[in-house]
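Fold and contact review
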Amino acid sequence: MADKKEGDVTDYTLGNPDTLTKYKNAATISQKVLEAVTALCVAGEKIVTICEKGDKILEEEIEKVYRGKKILKGIAHPTTVSPSSFVTPFTPLTSDETDAAIELKEGEAVKIQLGAQIDGFGTIVCDTIIVRSANGNDEITGRDADLLLATHYANELLLRLMVPPGLLVTGTDEEKAKAANAKAPAQSKITSLLEKVAKSYECNLVENTTSWLFDRNEIEGKKKIILAPGEGSRGEGTPEIGEVWGVEVGVSLGSGKNKQFGNRVTLHRKTLDKYALKRPSSKKILNEVAKKFGTFPFSLRQLEDERDAKVGVVECVRQGVFRAYDVYGEKDGAPVGRLLTTIAITKNGLQKLAAPPAPDLSKIKSDKKITDEEILKILEQPLAKEAKPKSKSAKKKKKPAKKQADSKDDDDEESSDEE
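Residues numbered from 1 in each chain as written. Predicted model: local features only at pLDDT ≥ 70, side-chain atom pairs only at ≥ 80, totals over all residues. Heavy atoms only, no water.

**Thoughts on the packing of helix α1 (residues 17–40) against helix α2 (residues 47–63)**
Keep this limit in mind: Axes here refer to lines fitted to C-alpha atoms; in helices the fit is confined to the stretch in contact. Angles between the N-to-C directions go from 0 to 180 degrees. The secondary structure listing takes helices from DSSP runs of H or I that are at least 4 residues long and strands from runs of E that are at least 2 residues long, numbered from the N terminus. Each angle receives one of four descriptions, namely roughly parallel if under 35 degrees, roughly antiparallel if over 145, roughly perpendicular if within 65 to 115, and oblique otherwise. Note on convention: the crossing is left-handed when the near helix lies turned anticlockwise from the far helix by less than a right angle, right-handed when the turn is clockwise. Should any heavy atoms of two residues lie within 4.5 Å, those residues are considered in contact.
As a packed pair, α1 and α2 sit with axes 10 Å apart at the nearest point and diverge in direction by 150°. Considering their axes alone, α1 and α2 lie roughly antiparallel with respect to each other. Remark: the crossing between α1 and α2 carries right-handed chirality. In contact with I29, K32, V33, A36, V37 and L40 of α1, α2 contributes I50, K53, G54, I57, L58, E61 and I62.

This is how it looks when you write it as structure tokens:
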């Protein structure tokens, strides 16, 4: 391979196969750790303990990949475990007595969110689970079932609405061209369709749930889709081929309206703003964050000195060098479900990179269902083009006559494989 010339610009788009490989490797870690953290979510376990264990597992799995290579890698989103009515990610501190004492309750809806990044390519995933009962019964019924099904189908619908128009259309060139010229659904239309799904299960969308365009070292890009936007909020842009998105859906058994909770804000993210900080504690954590997390979200819990961090973060937020993620929850105190999937949009369709596991629908029992024909039709659509199987016969080469005996054995083996 020729040496890279000075001034050459590295291609970080999906057009570079190495980019997609790094996304996939990071996604594998995110999904593996999500499964491990899910197993930790049992009634009576403290949330702070689960978050600490989750981050440790994340670090261990990240350490295993790209060893010996000069590639920055790390946590793209710390482990967060949000109780029933919490909407936003929640990750308490051990030094905050009240929040550190919060335990999971049997039967509550819990949101688990975390992520890994390799070379700045972050994959974040969020799943909603119902904390198991002591008798080990896996069947979910009643309003819990309504919440999970509404969240699941709203997510599946949104993913299909993310596919660029005409991308998966088959038929004549004229039909393909006509489909490609169709406009992507407006964000108001997307909200309207997802609201119908939520209403089918007597639920509501959580206001201001936002899906973001991802980029290298960036999880809140120039495009965003906002579901059920509140006053003064609006999305911008439509999904296109070659993009990576964090697609999020939030559904509530209540009104879907948010209010700020009184819990300490512990989740932050470094911005690109510059400011000459004055406090030594502020300068210290800014340097630590820049080195450890770059511009990805972090918890004060992850910093070297948690108590110093609580002091230093104040100036960092006030001067705009950190963005604080306030803790919001359902205004009515009702349970909330939330899913987040990191996707890639390629010429072959939508590819789930890091996604919550598919629920076992046979164990989620509800007396409600979706009846809207338009929605049912969209849900039947694929996310990507069907992969064409490669023919083995096309690859078989004619063998020399002197190897006829060996060839017969090989042919027998191939026939056996194809059966």
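**Structural notes on the sheet that holds strand β11 (residues 322–324)**
So the rule is basically this: Strands are labelled as partners when DSSP assigns at least two bridges between them.
Taken in spatial order, the three strands line up as β10-β9-β11 in an open sheet, and their pairing is antiparallel. Lying at the two open borders of the sheet, with one neighbouring strand each, are β10 (298–299) and β11. Sheet topology note: the strand β9 (residues 267–270)/β10 ladder contains two bridges and is antiparallel. Note on β10: the bridge partner recorded for L267 is S299.

**Notes on the nonpolar core**
Applied cut-off: In plain words, nonpolar cores are sets of buried Ala, Val, Leu, Ile, Met, Phe, Trp, Tyr and Cys residues tied together by side-chain atoms within 4.5 Å. Each residue's exposure class comes from its accessible area (1.4 Å probe, protein chains only) as a fraction of the maximum for that residue type: buried when under 20%, exposed when over 50%, partly exposed otherwise.
Core analysis: the biggest nonpolar cluster contains 45 residues, and L104 and I112 have the highest contact counts within it. Secondary structure elements with two or more residues in this core: α1, α2, β1 (73–82), β2 (109–118), β3 (121–130), β13 (336–346) and β14 (349–354). With eight residues, the single largest contributor to this core is α1. With sequence-adjacent residues up to four places away left out, I112 is seen in contact with L34, V37, T38, C41, T80, V125, C126, D127 and I129. In this structure, L148, V163, V197 and V247 belong to the second largest nonpolar core, which totals 43 residues.

**Observations concerning a positive patch on the surface**
Stated formally: Patch membership needs two things, relative accessible area over 30% and no salt bridge, and members are linked within 9 Å if like-charged or within 5 Å if nonpolar (Val, Leu, Ile, Met, Phe, Trp, Tyr). Note that accessible areas follow from Shrake-Rupley with a 1.4 Å probe, and for residues the cover is restricted to the protein chains shown. The rule for a salt bridge is simple: a side-chain nitrogen of Lys or Arg has to be within 4 Å of a carboxyl oxygen of Asp or Glu. The charge count treats Lys and Arg as positive and Asp and Glu as negative. His and the chain ends do not count. Here the site of a charge means atom NZ of a Lys, CZ of an Arg, CG of an Asp or CD of a Glu.
Together, K176, K347, K385 and K388 give the surface a local cluster of positive charge. Turning to its location among the elements, K385 is positioned in the loop between α9 (373–379) and α10 (392–395). K385 gets classed as partly exposed once you look at its relative accessible area, which sits at 44%.

**Observations concerning the pairing of β9**
Neither face of β9 is exposed, since L267 and R269 on one face and H268 and K270 on the opposite face are all buried. Direction of pairing for β9 relative to β11: antiparallel, over a ladder of three bridges. Across the sheet, residue K270 finds its bridge partner in β11, namely F322.

**Re the confidence of the model for the protein**
Under the convention used in this document: Think of pLDDT as the predictor's per-residue confidence, scored from 0 to 100.
When pLDDT is averaged across the protein, the result is 91; 90% of the residues are at 70 or more. The low-confidence segment residues 398–419 (pLDDT under 50) makes seven contacts with residues lying over four places distant or belonging to another chain.

**Considerations on helix α7 (residues 280–292)**
Where we set the bar: Multiply 1.5 Å by the residue count of a helix minus one, and that product is the helix's expected span. Along the arc lie the directions from the helix axis toward the C-beta atoms.
Given a rise of 1.5 Å per residue, 13 residues ought to cover 18 Å, and the 18 Å separating the end C-alpha atoms of α7 matches this to within 8%. Among the residues of α7, S281, S282, I285, L286, E288 and V289 are the ones counted as buried. All buried residues of α7 project into a common sector of 165° when viewed along the axis, lining one side. With respect to the buried face of α7, the exposed residues turned more than 90 degrees away are P280, N287 and K291. Buried residues in α7 make contact with β9, β10, α8 (306–318) and β11. In the stretch just after α7, G294 is the one whose phi turns positive, near 60°.

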